[in-house]
Amino acid sequence: LCGIYDPSAQRTRRARASAAAGSTGFGVVVTTSDGTLVAYGNGLPPSWCQSAAAAEAWALFTAARLCPTLPALRTDCLTLLATAEGGTVRATAADKPLARVWNHNANTLDGDLTLLVLTRKLVWLPAHQTTAAIGHRTLSNGKRLSTLDWRANRLVDALAKQAAAQRQMPSALS
């Protein structure tokens, strides 16, 4: 497999207005190197993952634990890349709000989160771009945004929104 496009997380509109009424979800898209769609799906992080960044980190954990070897991963969450780059000690420090989910990631990835970035297994791509960005915008690995990157990111976002809507509280209750 060439890559897993995720981890993309979405909070529903109501979640932005009221954390109790909203929810987060994530989407994952798996492709081959030639762009063939192999699989896609979505999921719900644990209820204690109450931000988009937490759901992104949970999606990374989900992808990492399901694969015998870590595949190439794409994310549109720059915070995910920055946290991994900062290392395990900083990501899992007691004063970090996402330490719990990053502990899961560190344990799954044999303890060294910086390897995600150093080996370029985790690559950031710009999100919410028009087709004009294809071939012009740059990913964190220095490569240009491809049609595959753009299309997979759009699908991942739709999957994440669909997942978040599953857990969303009805408007009459929020």
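Coordinates for the structure precede this section.
Just so we're clear, the structure is a prediction, and the values are computed from it rather than from any experiment. (Residues numbered from 1 in each chain as written. Predicted model: local features only at pLDDT ≥ 70, side-chain atom pairs only at ≥ 80, totals over all residues. Heavy atoms only, no water.)

Undergrad: Explain the side chain of N105 here, please?
TA: Its location among the elements puts N105 in helix α5 (residues 99–108). If we ignore the near neighbours within four places in the chain, the residues touching N105 are A57, L60, F61 and L113. (Helix = DSSP H or I, 4+ residues; strand = E, 2+ residues; numbered from the N terminus. Contact = heavy atoms within 4.5 Å.)

Undergrad: Explanation requested: helix α2 (residues 52–66) in the structure shown.
TA: Residues lying three or four places apart along an α-helix face the same way, a consequence of the helix completing one turn every 3.6 residues. Helix length check: α2 (15 residues) gives 21 Å between terminal C-alpha atoms against 21 Å at 1.5 Å per residue, within 8%. The element α2 is extensively covered by neighbouring structure, given that eleven of its 15 residues are classed as buried. Within the sequence span of α2, burial applies to A54, A55, E56, A57, W58, A59, L60, F61, T62, A63 and A64. (Expected span 1.5 Å × (residues − 1). Buried < 20%, exposed > 50% of the residue type's maximum accessible area, 1.4 Å probe, protein only.)

Undergrad: In this structure, what is going on with empty space enclosed by the protein? I would like to understand it.
TA: The gaps of empty space that remain are located by a probe, the size of a water molecule, rolled over the atoms. Across all of its chains, the model carries one cavity of 30 Å³ or more by this definition. Estimates place the volume of the largest cavity at around 30 Å³. Elements represented by at least two residues in the lining of the largest cavity include exactly α2 and α3 (78–86). If you tally residues by element for the lining of the largest cavity, the top one is α3, at three residues. Across the lining of the largest cavity, the residue classes break down as six nonpolar, two polar and no charged. (1 Å grid on protein atoms, 1.4 Å probe; cavity = no way out; pocket = protein on both sides within 12 Å on 5 of 7 lines; lining within 4 Å. Points joined across faces, edges and corners; volume = space filled by probe spheres on them. Nonpolar A, V, L, I, M, F, W, Y, C, P; charged D, E, K, R; others polar.)

Undergrad: Before we go on, may I ask you to explain unusual backbone geometry in this structure?
TA: Glycine aside, the phi torsion of most residues is negative, and most peptide linkages are trans. The backbone of D110 shows a phi angle near 60°, a positive value even though the residue is not glycine. Despite not being glycine, H128 has its phi angle at roughly 55°, a positive value. Tracing the backbone shows H128 in the loop between β5 (122–124) and α7 (147–167). Judged by its relative accessible area of 62%, H128 falls in the exposed class.

Undergrad: I would appreciate a short explanation of the nonpolar core in the present structure.
TA: Side chains of nonpolar character tend, in soluble globular proteins, to be buried together. Judged by nonpolar contacts, the single largest core of 27 residues is most densely connected at L80, W102, L113, L116 and L122. Among the secondary structure elements, those contributing two or more residues to this core are β2 (24–31), α2, α3, α5, α6 (114–118) and β5. Looking at this core element by element, the count peaks at eight residues for α2. Not counting the four nearest positions on each side in its chain, L122 is found in contact with L73, T75, L80, L81, A84, L116 and S140. By size, the runner-up hydrophobic cluster in this structure holds six residues, among which are L125, A133, L139 and L145. (Core = buried A, V, L, I, M, F, W, Y, C linked by side-chain atoms within 4.5 Å.)

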